[in-house]
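Structure assessment
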Amino acid sequence: MPDQNAAELTAQAYLYGFPLVFNLDSIERLLHEGIGDIPATPFNGFAHARALADASATFVSVNNDTVYSVALIDLSVGPITLHVPDAGDRYYVMQFIDAWTDNFAYVGTRATGNRAGDYLLVPPGWTGTAPDDTTVIRFPTAVGVIAGRWACAGEDDLPAVHALQDALTLTATDRAAQPTGLPSPDPSVAPDLMFLEKVRVWSQAFPPAQRDLALQESFAGIGLTTPGTSPYLSLDPDRASALRAGLGEGQEELSNATKNGAGAGENGWQLTLHLFDYNVDFFEVGTRDDDNFKITDPNQRIIARAVAAKAGLWGNHAYEAAYAMIYTDSTGRQLTGTNTYTLRLDPTPPVDAFWSVTMYSTPDFYLCANPIDRYSIGDRTPGLVYDDNGALTITISHTEPTNPKARANWLPAPAADFRPCLRMYQPQPPILDQTYTLPPITRT
């Protein structure tokens, strides 16, 4: 019989280590394969999507509102200068994410304005002097991500976005230095235990926040703090069985939390206004060191961090972009392409930038292929038909509507189960204080 204590520890370690592994696996994927329209790119350079994302972008909850510019940063080379161009009146954001998925800095329209600027990116423990007119951004871990998003009004707007993307630069202070990259887990570890090996290797290479060190040490009994040779190479059958059982329990707990515990809201919506508030330690430019955006309960923080990675990796704090997800209709039943639904927004979401509703498959949360190549509907979608009072009724179905108004306002769904996501960029106070209420999705 599996060791119950080891199984329980492993389940806890799965929730603890999932964001680190999922994030660094995604970095590895972008390094070697690319993601959707974002080509493979080495460390310390930007990779640019040149079009809005479509169904080929197999990345969790990728948006269809903005064009991405993504940089994988490795500060083992020392400080790097980021230059951003003048963006005019276009909304954009450069979001900084560490190895553990903490959002620790923002540059862009809301955070720093749209003028050109220079930022010195420095590794943990750096002591030095930045050039004049340069803002220092301290990375909590030596490896991280800059997830840049440029608002794009459609195909005709792409050349202007491309010009801004091409004006982004990253320049290392020591141009001859070579990035260390990610350490490699032992490839001899059994595939179904490789998760633990990745947590072990990567958590030692990229230490967590000081407050999490004791939690990490608590997993010593299952080998996560073991240096050097992997402890997962020669396991007795009972030990291996306990670890596998614990990983299964952790996966099930995360799956349930992702579907049911992302954030309570009204009418079936899961408001993730505070899902990304698990960073309570690192506040660089553009972030809010504000108790209203901090998860202080340690257990809730660890679970929220894992849910955020699984359901919306590289998602923003709500004060930058608020997200609301929904799985069920007004009767509490799972949304599925075998039915037709409506979503009536009256009024539409109050935002300073823009809003959209994007369709995703489950359980992968990928964009859904459809005959009209429409992956989202929002205030910038051409041809929508509004009511005289400005309300908008969106039709959601797998089958194309025949009614002209429903056809104009159609958000195509897959044939199977699905989960829409509402994004609200630069949300106004009624969204953040929840005095704006989202309506239910109703089966017709």
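Within any chain, residue numbers begin from 1 and follow the written order of that chain's sequence. With pLDDT at 70 or above as the cut-off, local features in this predicted model cover only qualifying residues; side-chain atom pairs require 80 or more to be listed or tallied, and sums for whole chains, interfaces and linings still use all residues. Just so you know, side-chain values use all the structure's heavy atoms and leave hydrogens and water out.

**Looking at the overall build of the protein**
- Each helix is a run of H or I in the DSSP string that is no shorter than four residues. Each strand is a run of E no shorter than two, and both are numbered from the N terminus. Along the protein, the regular secondary structure elements total eight helices and 18 strands.
- Over its C-alpha trace the protein gives a radius of gyration of 22 Å, about what one expects of a compact globule, namely 22 Å for 444 residues.
- With the principal axes as the frame, the protein shows a C-alpha extent of 65 × 60 × 40 Å.
- Looking at the protein as a whole, 55% of its 444 residues qualify as buried.
- Throughout, a residue-residue contact means that at least one pair of heavy atoms, one from each residue, lies within 4.5 Å. When contacts within the protein are restricted to residue pairs at least 6 apart in sequence, those whose partners lie at least 24 apart make up 74%.
- We treat Lys and Arg as the positive residues and Asp and Glu as the negative residues; His and chain ends play no part in the count. Each charge is placed at NZ for Lys, CZ for Arg, CG for Asp and CD for Glu. Between the mean site of the 28 positive side-chain charges and the mean site of the 51 negative ones, the protein shows a separation of 3 Å. The quantity called the radius of gyration is restricted to C-alpha atoms. Its globule counterpart is 2.2 Å times the number of residues to the power 0.38. For each residue, the accessible area found with a 1.4 Å probe, counting protein chains only, is set against the maximum for its type, and the residue is called buried under 20%, exposed over 50%, and partly exposed in between.

**Digging into the UniProt feature "domain: DUF1214" (unreviewed entry) in the protein**
- Here, the residues flagged by UniProt with the feature "domain: DUF1214" (unreviewed entry) are residues 320–428.
- The span residues 320–428 carries 5% helix and 29% strand; its end-to-end C-alpha distance comes to 10 Å. UniProt positions are given in the numbering used here, feature names are shortened, and annotations may be inferred rather than shown by experiment.

**Overview of the packing of aromatic side chains**
- Planes of paired rings set the category: under 30 degrees apart is stacked, over 60 is edge-to-face and the rest tilted, where pairs are Phe, Tyr or Trp rings (Trp by its six-membered ring) whose centres lie within 6.5 Å. According to the stated counting rule, one finds 18 aromatic pairs in the structure shown.
- Relative to Tyr425, the ring of Tyr91 has its centre 5.7 Å away and its plane inclined at 70°; by these criteria the two rings are edge-to-face. In this pair, Tyr91 sits in the loop between β3 (80–84) and β4 (92–98) while Tyr425 sits in strand β17 (residues 421–425), placing the two residues 334 residues apart along the sequence. In terms of burial, Tyr91 and Tyr425 fall into one category: buried.
- Between the aromatic rings of Tyr92 and Trp150, the centroid separation amounts to 4.9 Å while the plane-to-plane angle is 15°, which identifies the pairing as stacked. With Tyr92 in strand β4 and Trp150 in strand β8 (residues 143–151), this residue pair connects regions lying 58 residues apart in the sequence.
- We classify Tyr92 as buried; its relative accessible area is 0%.
- Given the relative accessible area of 0%, Trp150 is considered buried.
- Taken together, Tyr14, Phe18, Phe22 and Phe195 form an aromatic cluster joined through their ring pairs.
- Whether a charge sits over a ring depends on NZ of Lys or CZ of Arg being within 6 Å of the ring centre and within 35 degrees of the ring normal. When the ring centre of Tyr106 is taken as reference, the NZ or CZ atom of Arg110 above it lies at 5.3 Å.

**As for the nonpolar core**
- In this text, buried Ala, Val, Leu, Ile, Met, Phe, Trp, Tyr and Cys residues form a nonpolar core when linked through side-chain atoms within 4.5 Å. The biggest cluster of nonpolar side chains holds 139 residues, and the ones touching the most others in it are Leu82, Met94, Phe96, Leu121, Ile146 and Ile396.
- Residue contributions to this core peak at 13 residues, all from helix α1 (residues 4–32).
- Once residues lying within four places of it in the same chain are set aside, the contact partners of Ile146 are Phe46, Ser69, Val70, Ala71, Ile73, Leu82, Met94, Gln95, Phe96, Leu121 and Leu170.

**A short note on the pairing of β8**
- Counting buried positions along β8 gives nine out of nine residues, so the element sits mostly inside the fold.
- Of the two faces of β8, both are covered, the one formed by Val143, Val145, Ala147, Arg149 and Ala151 as well as the one formed by Gly144, Ile146, Gly148 and Trp150.
- Looking at chain direction, strand β2 (residues 66–74) and β8 are connected through nine bridges and run antiparallel. By the bridge assignment, Asp74 is partnered in β8 with Val143. Two strands are counted as paired when DSSP detects at least two bridges linking them.

**Some points on helix α3 (residues 194–205)**
- In this model α3 runs 16 Å from its N-terminal to its C-terminal C-alpha over 12 residues, within 8% of the 16 Å that 1.5 Å per residue would give.
- Here α3 lies mainly inside the structure; 10 of its 12 residues are buried.
- Among all positions in α3, only Met194, Phe195, Leu196, Glu197, Lys198, Val199, Arg200, Val201, Trp202 and Ser203 are buried.
- Where α3 is buried, its residues contact α1, α4 (213–217) and α5 (237–260). What a helix is expected to span follows from its residue count: subtract one and scale by 1.5 Å.

**What to know about a negative patch on the surface**
- Taken together, the side chains of Glu8, Glu249, Glu252 and Glu253 define an acidic patch exposed on the protein surface.
- It is α5 that provides the largest number of residues to the negative patch, a total of three residues.
- Mapped onto the elements of the fold, Glu253 is located in helix α5.
- Classification of Glu253 as partly exposed rests on a relative accessible area of 39%. A patch consists of residues whose relative accessible area exceeds 30% and which take part in no salt bridge; residues with like charges are grouped when within 9 Å of each other, and nonpolar side chains (Val, Leu, Ile, Met, Phe, Trp, Tyr) when within 5 Å. Here the open area of atoms and residues is found with the Shrake-Rupley method and a 1.4 Å probe, where only the protein chains shown may cover a residue. Only one rule defines a salt bridge in this text: a Lys or Arg side-chain nitrogen within 4 Å of an Asp or Glu carboxyl oxygen.

**Some points on the pattern of salt bridges**
- For the coordinates displayed, the defined rule picks out 16 salt bridges.
- The closest approach of N and O atoms between Glu320 and Arg110, which form a salt bridge, is 2.5 Å. With Glu320 in the loop between α6 (298–312) and β11 (321–326) and Arg110 in the loop between β5 (103–108) and β6 (117–122), this pair connects stretches of sequence that are 210 residues apart.
- Among the salt bridges present, the one from Arg211 reaches Asp281, with a minimum N-O distance of 2.9 Å. On the criterion of sequence distance, the pair formed by Arg211 in the loop between α3 and α4 and Asp281 in the loop between β10 (269–271) and α6 is long-range, its members being 70 residues apart.
- Classification of Arg211 by relative accessible area gives partly exposed; the value is 47%.
- Taking the relative accessible area as the measure of exposure, Asp281 reaches 32% and is therefore partly exposed.

**What to know about the side chain of Asn339**
- Examined against the element boundaries, Asn339 turns out to sit in the loop between β11 and β12 (341–345).
- On the basis of relative accessibility, which here comes to 14%, the residue Asn339 falls in the buried class.
- Among the polar contacts listed, one links the side chain of Asn339 to the side chain of Arg443, at a separation of 3.3 Å. Polar contacts, as counted here, are pairs of nitrogen or oxygen atoms within 3.5 Å of one another; within protein the pair requires one atom able to donate a hydrogen and one able to accept it, and residues that are adjacent in sequence qualify only if both atoms are side-chain atoms.

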